[in-house]
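Each chain is listed here by its residues.
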Amino acid sequence: MDAIQRPTATSGNMAADLKPTTNATEKPKPCCVCKEEKAARDECMLFSTAANPQEACQDMVSKYRSCMAGFGFNIPSTDAS
């Protein structure tokens, strides 16, 4: 009978399948980017005296969305259109 040939495990190939397929360091966490834009947006929304804070703070929300998009995050619009 012929013996079944199995590949030899080496330190080089043992962890080959365990490595992540994407580089996690390329994209930062969403909580760590656009902090100033987020703070300005939140302050506007929370302390606005306008009847419709979403309308009044649209500029701040747009700046925050643009900043996040620059880092690869897609913030969906909550417009009820």
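What counts, and at which threshold
Every chain is numbered on its own, with residues counted from 1 as its sequence reads. Given that the model is predicted, a residue must reach a pLDDT of at least 70 before its local features are reported, and side-chain atom pairs must reach 80 or more before they are shown or counted; all residues, however, enter totals for whole chains, interfaces and linings. With hydrogens and water set aside, each side-chain value is computed from the structure's full complement of heavy atoms. Numbered from the N terminus, helices here are DSSP runs of H or I no shorter than four residues, and strands are runs of E no shorter than two. Buried residues are those whose accessible area, probed at 1.4 Å on protein chains only, stays under 20% of the maximum for their type, while exposed residues exceed 50% and partly exposed ones sit between those limits. Two residues form a contact once any of their heavy atoms are found within 4.5 Å. The accessible surface values rely on the Shrake-Rupley method and a 1.4 Å probe; as for residues, cover is taken only from the protein chains in view. Here is the rule: rings of Phe, Tyr and Trp (six-membered ring for Trp) pair when centre to centre is within 6.5 Å. Planes less than 30 degrees apart are stacked, more than 60 are edge-to-face, and the remainder are tilted. Here, a charge over a ring is recorded when the distance from Lys NZ or Arg CZ to the ring centre is within 6 Å and its angle to the ring normal is within 35 degrees. UniProt positions are given in the numbering used here, feature names are shortened, and annotations may be inferred rather than shown by experiment.

## What to know about the overall build of the protein
Phase 1 of the analysis: Helix and strand counts for the protein stand at four helices and zero strands.
Phase 2 of the analysis: The order of α-helices and β-strands along the protein, N terminus first, is α-α-α-α.
Phase 3 of the analysis: Expressed as a percentage of its 81 residues, the buried residues of the protein come to 11%.
Phase 4 of the analysis: Within the protein, counting contacts between residues at least 6 apart in sequence, those at least 24 apart form 51% of the total.
Phase 5 of the analysis: Carbon and sulfur atoms make up 55% of the accessible area of the protein, which totals about 7100 Å².

## Points about the packing of aromatic side chains
Phase 1 of the analysis: Applying the stated criterion across every chain yields a total of zero aromatic pairs.
Phase 2 of the analysis: Against the face of Phe73 rests Lys27, its NZ or CZ located 4.5 Å from the ring centre.
Phase 3 of the analysis: The ring centre of Tyr64 lies 4.4 Å from the NZ or CZ of Arg41, which sits over that ring.

## A closer look at the UniProt feature "binding site: Cu cation" (unreviewed entry) in the protein
Phase 1 of the analysis: Per the UniProt record, "binding site: Cu cation" (unreviewed entry) is found at Cys31 and Cys32.
Phase 2 of the analysis: Mapped onto the secondary structure, Cys31 falls in the loop between α1 (11–14) and α2 (35–47).
Phase 3 of the analysis: Since its relative accessible area comes to 55%, Cys31 is described here as exposed.
Phase 4 of the analysis: Relative to the assigned elements, Cys32 resides in the loop between α1 and α2.
Phase 5 of the analysis: You can call Cys32 partly exposed: its relative accessible area is 46%.

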